[in-house]
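Chain by chain, the residues:
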Amino acid sequence: YTPCVMRRASFERQKEEELTYWYRPVPAGSPPTEALVFVHGIGIGPAPYASFLGACADEGTPIVAVEMGAFSQRLFPCAPPSPDRFAALLHAALGRLGIERAVLVGHSLGSTFVHYATSRDGAGRVAGVALLDPVACLLHHSTTTGEFVYSSNQASLEEALMDYLFKKELWSSIVVSRNLPWHEASLWPADCSPQTPTLVAVGARDLVVAPTRVRAAFGSWQARLRGVRVLWMEQGAHGSWLADEAQGAELVAAVRSLRREASRGGRRLRLPRLRANERADGGERAAAVAGKPGTQQKLGDLGI
């Protein structure tokens with residue numbers, strides 16, 4: 001199924017040692033632009049996302065869709081590469097393709113692998129990051145561990161089917177339980193940077209991540225200063241945008257907006273200058289203006 005769908009969408013299957021990916025080259029003579037790199041979530045691989053990726057990209061945008069066999073319903077998959085290994089293989093593949101800048105997009109469990117690559121971007125290749133239904137955000141929260149590892153009671157037939165086919169599928173369960181270094185996979189607002197804009201898209205009805213907590217943490221003013229924006233999908237469940245046309249269109253628009261911002265090199269937010277008497281009191285009034293003591297030190301860490 002995956003080869004048929006991906007080849008029909010003009011993708012070519014390639015490998016970088018043990019890393020398999022699908023590449024859509026750009027037409028000859030197209031101007032250079034940031035590539036779109038995608039890592040899918042638990043399911044059947046990148047095929048269900050082919051039309052979504054085409055909508056997020058322009059005609060001259062190279063697309064790299066990584067195929068993670070360990071959680072793609074394969075009969076005898078290999079274990080996923082370690083964080084260091086995955087980052088090295090992905091950056092090597094992009095270098096081999098001549099891609100100097102890319103926006104990385106990860107869905108669900110794929111968001112953890114995007115975080116691996118982003119946090120190990122020594123070459124400065126990552127121009128922007130989009131995390132969709134992001135397992136990587138607040139991974140320490142009990143919602144994610146409960147749904148993947150401990151949950152057994154399902155409220156409906158649909159939930160029971162999704163649990164059986166995806167969350168409790170043998171190889172996917174092994175990845176989550178034994179091959180996911182949680183301390184390295186978890187993304188925090190402090191890991192983000194204004195120079196690398198980040199989109200976090202989460203649905204209010206998501207049962208796999210903790211949506212309200214993710215929105216609170218990554219929608220805070222501290223996160224916004226670090227270039228993070230949150231797309232809150234009021235009717236969205238985990239992955240529902242793949243089948244819902246309206247949600248899909250909203251998400252495509254958000255990713256395209258992120259790509260435009262990434263092409264400009266991100267942004268650097270600035271706060272209004274303080275008056276002389278506010279600067280002279282040791283920073284206490286400045287902290288009060290921001291709403292929390294010690295804020296000046298945090299802003300200094302951001303270079304603002």
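Before reading on, note that the structure itself is shown above.
Computed from a prediction, not measured in an experiment: that's the story for all the values here.

### Quick word on the nonpolar core
One finds Met68, Phe71, Phe86, Leu90, Leu104 and Phe218 to be the most contacted residues of the largest nonpolar core, which totals 48 residues. Element by element, the count of residues in this core is highest for helix H3 (residues 83-96), at five residues. Ignoring any residue separated from it by four or fewer positions in sequence, one finds leucine 90 in contact with Leu19, Val37, Val66, Leu104 and Ala117. Trp22, Phe52, Leu199 and Leu231 belong to the second-largest nonpolar core, a separate cluster that totals 31 residues.

### Some remarks on the pairing of strand S6 (residues 126-132)
Among the seven residues in S6, seven count as buried, and that is most of the element. Bridge count between strand S5 (residues 102-107) and S6: six bridges; the pairing is parallel. Each bridged residue has a counterpart across the sheet, and for leucine 104 the counterpart in S6 is valine 129. Between the parallel pair S5 and S6, the chain is carried across by helix H4 (residues 110-118), and the sense of this crossover is right-handed. Pairing of S6 with strand S7 (residues 198-203) involves four bridges; the strand directions are parallel. Residue pairing in the sheet places alanine 130 in a bridge with leucine 199 of S7.

### Describing the pattern of salt bridges
Per the counting criterion, the structure on display carries eight salt bridges. Put simply, arginine 85 and glutamate 17 hold a salt bridge, and the shortest N to O gap is 2.6 Å. Highlighted residues: arginine 85 in helix H3 and glutamate 17 in the loop between strand S1 (12-16) and strand S2 (19-24), separated in sequence by 68 residues. Residue classification places glutamate 17 among the exposed positions, given a relative accessible area of 53%. Among the ionic pairs, glutamate 184 bridges to arginine 120, the shortest N-O distance being 2.4 Å. With glutamate 184 in helix H8 (residues 182-185) and arginine 120 in the loop between H4 and S6, the pair connects residues that are 64 residues apart, well separated along the chain. Owing to a relative accessible area of 29%, glutamate 184 belongs among the partly exposed residues under this scheme. The exposure class assigned to arginine 120 is partly exposed, which follows from its relative accessible area of 24%. Each of Glu17, Glu18 and Arg85 takes part in one network of salt bridges that share partners.

### Some remarks on unusual backbone geometry
Phi at serine 10 is positive, roughly 75°, even though this residue is not glycine. As for its placement among the helices and strands, serine 10 is situated in the loop between helix H1 (2-8) and S1. Although it is not a glycine, glutamate 17 sits at a positive phi angle of roughly 55°.

### A few points about the environment of valine 176
Structurally, valine 176 is set in helix H7 (residues 170-178). Residue classification places valine 176 among the buried residues on the basis of a relative accessible area of 5%. C-alpha separation for the pair valine 176 and phenylalanine 71, spaced 105 residues apart in sequence, amounts to 9.3 Å.

### Description of the sheet that holds strand S8 (residues 228-233)
Strand order in this open sheet of eight strands is S1-S2-S4-S3-S5-S6-S7-S8, and the pairing throughout is mixed. Looking at which strands have only one partner, the edges of the open sheet turn out to be S1 and S8. Each neighbouring strand pair of the sheet contributes to a mean axis angle of 20°, computed without reference to strand direction. Looking at chain direction, S7 and S8 are connected through six bridges and run parallel.

### Remarks on the packing of aromatic side chains
The tally for this structure, following the rule as stated, stands at six aromatic pairs. Centroid distance phenylalanine 38 to tyrosine 49: 4.7 Å. Interplanar angle 50°. Geometry classified as tilted. Separated by 11 residues along the polypeptide, phenylalanine 38 in strand S3 (residues 35-39) and tyrosine 49 in the loop between S3 and helix H2 (50-56) bring together distant segments of the chain. The exposure classification of phenylalanine 38 matches that of tyrosine 49, with both residues buried. Plain terms: the ring middles of phenylalanine 52 and tryptophan 241 are 4.8 Å apart, the flat faces sit at 50° to each other, and that makes the pair tilted. Here tryptophan 241 lies in the loop between S8 and helix H11 (245-263) and phenylalanine 52 lies in helix H2, a separation of 189 residues in the sequence.

### Topic: the pairing of S1
Two elements, S1 and S2, share five bridges in a ladder whose sense is antiparallel. When the sheet's bridge partners are listed, arginine 13 is paired in S2 with tryptophan 22. Counting the residues between successive antiparallel strands, the hairpin from S1 to S2 contains two residues, one of them, glutamate 17, with a positive phi of roughly 55°.

Thresholds applied
Residues numbered from 1 in each chain as written. Predicted model: local features only at pLDDT ≥ 70, side-chain atom pairs only at ≥ 80, totals over all residues. Heavy atoms only, no water. Core = buried A, V, L, I, M, F, W, Y, C linked by side-chain atoms within 4.5 Å. Buried < 20%, exposed > 50% of the residue type's maximum accessible area, 1.4 Å probe, protein only. Helix = DSSP H or I, 4+ residues; strand = E, 2+ residues; numbered from the N terminus. Contact = heavy atoms within 4.5 Å. Pairing = 2+ DSSP bridges. Right-handed = clockwise from strand over helix to strand, strands pointing away. Salt bridge = Lys/Arg side-chain N within 4 Å of Asp/Glu carboxyl O. Axes fitted to C-alpha atoms, helices over the stretch in contact; angles between N-to-C directions. Phe/Tyr/Trp six-rings, centres within 6.5 Å; stacked < 30°, edge-to-face > 60°.

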